[in-house]
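# Architecture at a glance
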Amino acid sequence: MSCFLSCVRFETTTDNIKPTSTESGSVSGVTCYTWDDVESLTSNFSRLIGTGGYSSIYLARVSGSINAALKVHVSSHRLYQVFRSELEILLRLQHPHIVKLLGYFDDSEESGALLLEYLPQGNLQEKLNRNSKQVLPWRNRTAIAFQVAQAIEHIHEKCSPQIVHGDIKSSNILLDKHFNSKLCDFGSAKVGFSSMVQPSKTTSTMSPRSKQVMMIGSPGYTDPHYLRTGIASKKMDMYGFGVVVLELVSGKEAVSSERGEMLVHSTASLIHEILDSNGDIGEEKVRQFLDPRLSRDGSIDLEEVKTMLRVAAFCLRSPPSLRPSASQVVQTLNKKIPSLSFLGCGKKE
Ligand SMILES: Nc1ncnc2c1ncn2[C@@H]1O[C@H](COP(=O)(O)OP(=O)(O)OP(=O)(O)O)[C@@H](O)[C@H]1O
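Cut-offs used in this document
Residues numbered from 1 in each chain as written. Predicted model: local features only at pLDDT ≥ 70, side-chain atom pairs only at ≥ 80, totals over all residues. Heavy atoms only, no water. UniProt positions renumbered as here; feature names shortened; annotations may be inferred. Core = buried A, V, L, I, M, F, W, Y, C linked by side-chain atoms within 4.5 Å. Buried < 20%, exposed > 50% of the residue type's maximum accessible area, 1.4 Å probe, protein only. Helix = DSSP H or I, 4+ residues; strand = E, 2+ residues; numbered from the N terminus. Domains from an automatic or database assignment. Contact = heavy atoms within 4.5 Å. Salt bridge = Lys/Arg side-chain N within 4 Å of Asp/Glu carboxyl O. Near = heavy atom within 4 Å. Polar contact = N/O pair within 3.5 Å; in protein donor to acceptor, adjacent residues only side chain to side chain. Areas by Shrake-Rupley, 256 points an atom, 1.4 Å probe, with all protein chains shown as cover. Nonpolar A, V, L, I, M, F, W, Y, C, P; charged D, E, K, R; others polar.

The chain is annotated in an unreviewed UniProt entry as non-specific serine/threonine protein kinase from Arabidopsis thaliana x Arabidopsis arenosa. On record in UniProt, under Sequence similarities (unreviewed entry), the comment for the chain is "Belongs to the protein kinase superfamily."

## Points about the nonpolar core
Core analysis: the largest hydrophobic core is formed by 77 residues, its most contacted members being L124, F186, F241, V249, V305, M308 and L309. By residue number, the principal contributor to this core is helix α4 (residues 138–158), which donates 10 residues. Here this core spans two domains, since at least three of its residues come from each of domain 1 (25–117) and domain 2 (122–199 + 218–340). Beyond its immediate chain neighbours, meaning those up to four positions away, V249 contacts W138, R141, F289, L290, D291, V305, M308 and L309. L41, V62, L70 and A113 belong to the second largest nonpolar core, which has 13 residues in total.

## Considerations on the pattern of salt bridges
Taken as a whole and assessed by the stated rule, the structure comprises 14 salt bridges. E88 is paired through a salt bridge with R84; the nearest N and O atoms lie 3.0 Å apart. With E88 and R84 both in helix α2 (residues 77–92) and four residues apart, the pair spans about one turn of that helix. The exposure class of R84 is buried, given its relative accessible area of 12%.

## What about the site of the ligand?
Around the ligand sit 22 residues, and of these G53, S55, K71, E117 and S171 come closest. Here G53 contributes a backbone N or O atom positioned 2.6 Å from an oxygen atom of the ligand. The contact in question runs from an oxygen atom of the ligand to an N or O atom on the side chain of K71, over 2.8 Å. Coverage of the ligand by the protein amounts to 91% of the 630 Å² it exposes when considered alone. A breakdown of the residues in the shell around the ligand according to their chemical character gives eight nonpolar, eight polar and six charged. For the shell around the ligand, the two domains that each supply at least three residues are domain 1 (25–117) and domain 2 (122–199 + 218–340).

Below, the structure is given as structure tokens:
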């Protein structure tokens, strides 16, 4: 990146955070960095730890010793808006299960980077992968579901204006050294509407190709109602959450890398059976669906597996109005999953 540029500071007290020109500095514990700082924090981008559709993530060191992750957004005018939107949202969020913003770099035109707390166990998708050396124990899986539901509850119901994440998936769930989870990637999030957002006028006059670029969500996780209507709502996050719970229980990918089949399709008959019987599932079915790597764990309570499957089934329901809210999911898991208490994972926030 050529020259560096002035920093932008944000006032976080208003709904729309307005930038005001300043020098480098720190605001509410969030530091504004220069590009020289960014190069030095990442030792010239020497360790790539992740890549996404819009960004590359590098290991960084703050004060010479504390690990952090630097998310550098692809430099372009359009993607600068994605960066700004993610920055503005993260500045407003503080929750134990949402990734913490430590600082940022902003050239005010087309380049930006976010300095985030570092999550050493990477993302949940990698941890559930069959080739992962370590099998994620059942107790951690239920805790992760509970913590992600708490994070969604926070953005949906405890933030004003509320936030729809728009891309709930296992690669957007990061894990700390104890396998506690943190929701990340707010680049697709929508803020400040009562319950849903319709495509804007400009979107409705766009070519189908440009519309495709505007769509949010990821294959295997996207709410079919959103795909049909373009209307993003809190219930689309609950759909993505339902798919993540299916992944946690089965250990399977949302889209099979071998056959390209979607988990929601291969599990459709099981989901229907659960919904048609009002939540009742035979034990044999449950055992068949459970991640085979967990079957050696004799301590698994099949009632907990049933609860997780019921939650997933209800989150995948159509129409979206039939899906539970994040608070309802938090309450259900809290009540019906005794193993949560073993972990001290914080049944209460
Ligand atoms: N704070 C972090 N600590 C450790 N690893 C991280 C961190 N942030 C991101 N990563 C890694 O980088 C990956 C991509 O991050 P992220 O989803 O934020 O990027 P993106 O460009 O928004 O991706 P997407 O394609 O989902 O839009 C994550 O799945 C994770 O593996």
